[in-house]
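For reference, the chains in residue letters:
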Amino acid sequence: MKQKAVLLDQSAINRALTRIAHEILERNKGVDNLMLVGIKTRGVPLAKRLQTKIFEIEGVNVPIGEIDITLYRDDLSHVSSNKEATLHNTNIEAHITGKKVILVDDVLYTGRTVRAAMDGVIDQGRPSQIQLAVLIDRGHKELPIRADYIGKNIPTSQEEVIVVTLNETDGDDQVSIYENE
């Protein structure tokens, strides 16, 4: 793969997350019954960063959780035939029932990851709402899923790949676009 451009640097990622935190608070009229759930792997540190930003604004620590969608994927048989499916733990300590759950992920592409995450959340309880916050929406939906909060819309071709790296998982904060060669 050949890198075409850096789309967001550390400062731009921080600004996008600050805006998303404000939008979450505005739309939900504060933090009552809110819960952030990061989709593993990069959605988890993004959810934690949003939790910190919301605390800085409201002075309240919103409950947070993390969900592993491996067993909810609709392509699990295809994935496991090519490589070993890795199961990470789902860790949602607060009760989901009656909460406004905000799923957090790095990139929204086909919508299949989000569908799997919604199935996983519903297995944990019955939230009053499920909302979606993503750092990048790149288009090409295969399911009728849209993000409620978007850091940046980046229209892409099918040949392009968006790569998000975060300090917590990769040692660097950056969003880049690559071209398959």
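Cut-offs applied
- Residues numbered from 1 in each chain as written.
- Predicted model: local features only at pLDDT ≥ 70, side-chain atom pairs only at ≥ 80, totals over all residues.
- Heavy atoms only, no water.
- Helix = DSSP H or I, 4+ residues; strand = E, 2+ residues; numbered from the N terminus.
- Buried < 20%, exposed > 50% of the residue type's maximum accessible area, 1.4 Å probe, protein only.
- Core = buried A, V, L, I, M, F, W, Y, C linked by side-chain atoms within 4.5 Å.
- Contact = heavy atoms within 4.5 Å.

**With respect to unusual backbone geometry**
Now for step 1: Cis geometry is adopted by the peptide bond preceding Thr41, which originates at Lys40 and carries an omega value of 15 degrees.
Now for step 2: By the element assignment, Thr41 lies in the loop between β2 (34-39) and α2 (43-58).
Now for step 3: Of note in the backbone geometry, Lys29 takes a positive phi value of approximately 55 degrees without being a glycine.
Now for step 4: Tracing the backbone shows Lys29 in the loop between α1 (10-27) and β2.
Now for step 5: Assessed through its relative accessible area of 76%, Lys29 is described here as exposed.
Now for step 6: Of note, the phi angle at Asn33 is positive, near 65 degrees, even though the residue is not glycine.

**Some thoughts on the nonpolar core**
Now for step 1: In terms of nonpolar packing, the biggest core is built from 30 residues, with Leu135 and Ile136 touching the most fellow members.
Now for step 2: For this core, the secondary-structure elements that each account for two or more residues are α1, β2, α2, β5 (100-108), β6 (129-137), β8 (160-165) and β9 (174-179).
Now for step 3: Not counting residues within four places of it along the chain, the set of residues in contact with Leu135 comprises Leu8, Ile13, Ala16, Leu46, Asp105, Asp106, Ile150, Gly151, Lys152, Val164 and Val175.
Now for step 4: Formed by 18 residues, the second largest nonpolar core is a distinct cluster that contains Met35, Ile69, Val121 and Leu132.

**So, the environment of Leu34**
Now for step 1: Looking at the element boundaries, Leu34 is found in strand β2.
Now for step 2: Given the relative accessible area of 3%, Leu34 is considered buried.
Now for step 3: On a C-alpha basis, the gap between Leu34 and Ile64 in space is 9.1 Å, while along the polypeptide they are 30 residues apart.

By themselves, these observations are geometric and do not establish any function.
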